[in-house]
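Chain and residue survey
What follows is each chain in one-letter form.
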Amino acid sequence: MIQWREGRVTRVRGSWQGAVELDVDVAAPAGSLSGSCRALAYPVLTGEPLVGDLVLLNTTALEAGLGTGGYAFVVAIPARIPLHPPLGPGHLVKARYTPQQVLVLGVDEQGSPHHERLRDADDLLGMPVVVADLHSSVPAVLAGVRSVRPQARVVYLMTDGGALPAWFSRTVAGLRDAGWLAACVTAGQAFGGDLEAVTVHAGLLAGRLVAEADVAVVAQGPGNLGTGTRWGFSGVAAGEAVNAAAVLRGRPVAALRVSSADERERHRGLSHHSRTALGRVALAPADVAVPAFDDPFWCGVRAQAAELCTPSGRHRLVDVPADGLREALET
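The paragraphs below set out a description of the structure included in this document. Bear in mind the structure is a predicted one, so any value in this text is a computation, not a measurement.

Further remarks concern the overall build of the protein. From N to C terminus, the protein includes 10 helices and 17 strands. Taken over the C-alpha trace, the protein has a radius of gyration of 21 Å; the compact-globule value for 331 residues is 20 Å, and the two agree within 12%. Referenced to the eigenvectors of the C-alpha coordinate spread, the extents of the protein come out at roughly 65 × 50 × 35 Å. Long-range contacts, defined as pairs at least 24 residues apart, comprise 67% of the intrachain contacts of the protein with a sequence gap of at least 6.

This next bit is on the state of the cysteines. For the structure shown, the criterion picks out 0 disulfides. The closest cysteine sulfur to the non-disulfide-bonded C299 is located on C309, 16 Å from its own sulfur.

This part is about the side chain of T186. Looking at the element boundaries, T186 is found in strand β10 (residues 183-186). You can call T186 buried: its relative accessible area is 0%. Once you skip the residues sitting within four places of it in the chain, T186 turns out to touch K94, M158, A166, F191, G192, G193, L195, E196 and A197.

In total, this model carries 17 salt bridges according to the counting rule given. One salt bridge in this structure joins R13 and D23, with 3.0 Å as the shortest N-O distance. Taken together, the residues span a long stretch of sequence, with R13 in strand β1 (residues 4-16) and D23 in strand β2 (residues 19-27) at a distance of 10 residues. Accessibility expressed as a relative area gives 37% for R13, which makes it partly exposed. For D23, a relative accessible area of 11% gives the class buried. Across the salt bridge formed by D123 and R249, the nearest N and O atoms sit 3.2 Å from each other. Taken as a pair, D123 in the loop between α3 (115-119) and β8 (128-132) and R249 in the loop between α7 (237-247) and β13 (251-255) lie far apart in primary sequence, 126 residues in all. We classify D123 as partly exposed; its relative accessible area is 25%.

A separate point is the nonpolar core. Formed by 43 residues in total, the largest nonpolar core has its most connected members in V129 and L204. Sequence-distant contacts of L204, defined by excluding residues within four places in its chain, comprise L124, M127, V129, L157, A216, V218, A244, A245 and L248. Among the nonpolar cores identified, the runner-up in size contains 23 residues, and V141, V154, A219 and A328 belong to it.

Now for the packing of aromatic side chains. According to the stated counting rule, one finds 7 aromatic pairs in the structure shown. Between W167 and F191, the ring centres sit 5.6 Å apart and the planes meet at 80°, which makes this aromatic pair edge-to-face. With W167 in the loop between β9 (154-159) and α5 (170-177) and F191 in the loop between β10 and β11 (195-196), the pair connects residues that are 24 residues apart, well separated along the chain. Across the pair, exposure class does not vary: W167 and F191 are buried alike. Their ring planes at 80° and their centres at 5.3 Å tell us that F297 and W298 sit as a pair that is edge-to-face. Members of the aromatic cluster, joined through ring pairs, are Y42, Y71, F73, W167, F168 and F191. Over the ring of Y71 we find R38, and its NZ or CZ is 4.6 Å from the ring centre.

Here we come to helix α8 (residues 272-281). The periodicity of an α-helix, 3.6 residues per turn, causes residues three or four positions apart to be oriented the same way. Counted residue by residue, α8 has 7 buried out of 10 residues, so it is predominantly covered. Listing the buried residues of α8 in full gives H272, H273, S274, T276, A277, L278 and V281. The backbone nitrogen of H273 lies 3.0 Å from a side-chain oxygen of the residue at the head of α8, namely S271.

Moving on: the packing of α7 against α8. Where α7 contacts α8, the axes come no closer than 8 Å and their chain directions differ by 40°. Classified by the angle between their axes, α7 and α8 sit oblique to one another. The handedness of the crossing between α7 and α8 comes out as right-handed. Judged by residue contacts, A238, G239, E240, V242 and N243 of α7 engage A277, L278 and V281 from α8.

Moving on to helix α4 (residues 137-148). The terminal C-alpha atoms of α4, which comprises 12 residues, lie 18 Å apart, in line with the 16 Å expected from a rise of 1.5 Å per residue. By the burial criterion, the buried members of α4 are V138, V141, L142, A143 and V145.

So, on to the side chain of T59. Secondary-structure assignment places T59 in the loop between β4 (54-58) and α2 (60-64). Residues within four places of T59 in sequence aside, it is in contact with Q3, R5, L33 and A72.

This paragraph deals with the sheet that holds β10. On the basis of which strands lie adjacent, the open sheet formed by 8 strands has the order β11-β10-β9-β12-β8-β13-β16-β17 and parallel pairing. Both outer strands of the open sheet, β11 and β17 (316-320), are each paired with one neighbouring strand and no more. Pairing between β8 and β13: 5 bridges, direction parallel. Directly across from V129, in β13, lies its bridge partner P252.

Definitions and limits used
- Residues numbered from 1 in each chain as written.
- Predicted model: local features only at pLDDT ≥ 70, side-chain atom pairs only at ≥ 80, totals over all residues.
- Heavy atoms only, no water.
- Helix = DSSP H or I, 4+ residues; strand = E, 2+ residues; numbered from the N terminus.
- Rg over C-alpha atoms; globule rule 2.2 N^0.38 Å.
- Contact = heavy atoms within 4.5 Å.
- Disulfide = S-S within 2.5 Å.
- Buried < 20%, exposed > 50% of the residue type's maximum accessible area, 1.4 Å probe, protein only.
- Salt bridge = Lys/Arg side-chain N within 4 Å of Asp/Glu carboxyl O.
- Core = buried A, V, L, I, M, F, W, Y, C linked by side-chain atoms within 4.5 Å.
- Phe/Tyr/Trp six-rings, centres within 6.5 Å; stacked < 30°, edge-to-face > 60°.
- Lys NZ or Arg CZ within 6 Å of the ring centre and 35° of its normal.
- Polar contact = N/O pair within 3.5 Å; in protein donor to acceptor, adjacent residues only side chain to side chain.
- Axes fitted to C-alpha atoms, helices over the stretch in contact; angles between N-to-C directions.
- Parallel < 35°, antiparallel > 145°, perpendicular 65-115°, else oblique.
- Left-handed = near helix turned anticlockwise from the far one by under 90°.
- Expected span 1.5 Å × (residues − 1).
- Pairing = 2+ DSSP bridges.

All quantities given are derived from atomic positions and should not be read as evidence of function.
What follows is the structure, encoded as structure tokens:
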């Protein structure tokens with residue numbers, strides 16, 4: 001369950017949109033986490049942390065050695081709890097029935113200025129929707145888009161398979177600061193985006209009709225969950241996002257999960273995550289993009305991807321020129 005610790009802020013390391021990174025000296029029983037650790041605070045939820053503050057921490061994932069980015073999380077600053085913060089006009093509750101549930105304004109709820117536009121909306125008007133398994137794919141997808149359409153408006157829709165607060169993602173903050181990302185939409189239990197949506201469907205429509213996106217990218221937030229089984233991984237939702245894009249008359253595009261370095265055999269070449277999400281979960285056809293490299297590794301990936309696109313398969317294999325991608329990524 002939850003590992004609670006108290007600590008004293010010794011340093012403010014830096015910040016990005018929605019998050020502050022800290023060094024905290026932790027008071028803990030012998031044998032557990034002690035000394036200094038990195039911690040992350042979301043000022044919208046906790047107030048602004050200052051050097052010298054005593055903070056209440058959740059250190060569960062850090063002590064278990066899980067992939068939180070090496071952070072403890074600030075739950076509260078007991079001496080300076082924000083008093084009477086404005087509730088705002090929204091009535092959508094996210095992270096529901098947890099101690100830190102938040103109230104947000106849904107982009108399509110009755111109090112939203114966009115309610116009338118979205119009330120009966122159900123058409124993406126052919127907008128390409130690139131669906132990826134991992135959050136780390138998002139900058140690569142944007143680099144690909146910008147290599148052919150530098151001025152395209154791209155919206156990122158963050159699902160709730162990984163981190164729930166969009167503020168956890170330095171990637172999103174950096175892409176927005178660089179002008180690569182027009183908006184972030186948070187769907188499901190995820191929150192903290194420029195626009196808040198209840199479902200992926202509503203989030204896609206908001207991206208197209210409110211944020212005026214030319215392209216949408218759908219992926220979970222940082223920190224995917226997997227159990228090493230066929231179905232027990234959060235990337236299953238990628239297949240469901242393909243279905244959502246197709247139902248709304250968008251153009252689904254699959255960004256494959258591929259690795260030449262992963263030590264786990266199930267992720268070498270074309271990951272079993274992509275095989276399952278696209279081959280079993282996605283019931284609508286998608287364009288399956290494969291870089292047009294001719295080295296043995298990518299020829300192998302192309303052959304694996306082609307299995308999803310056989311006459312008995314439902315998807316379309318698309319060879320994508322890779323000219324300029326490395327330069328775009330380095331930028």
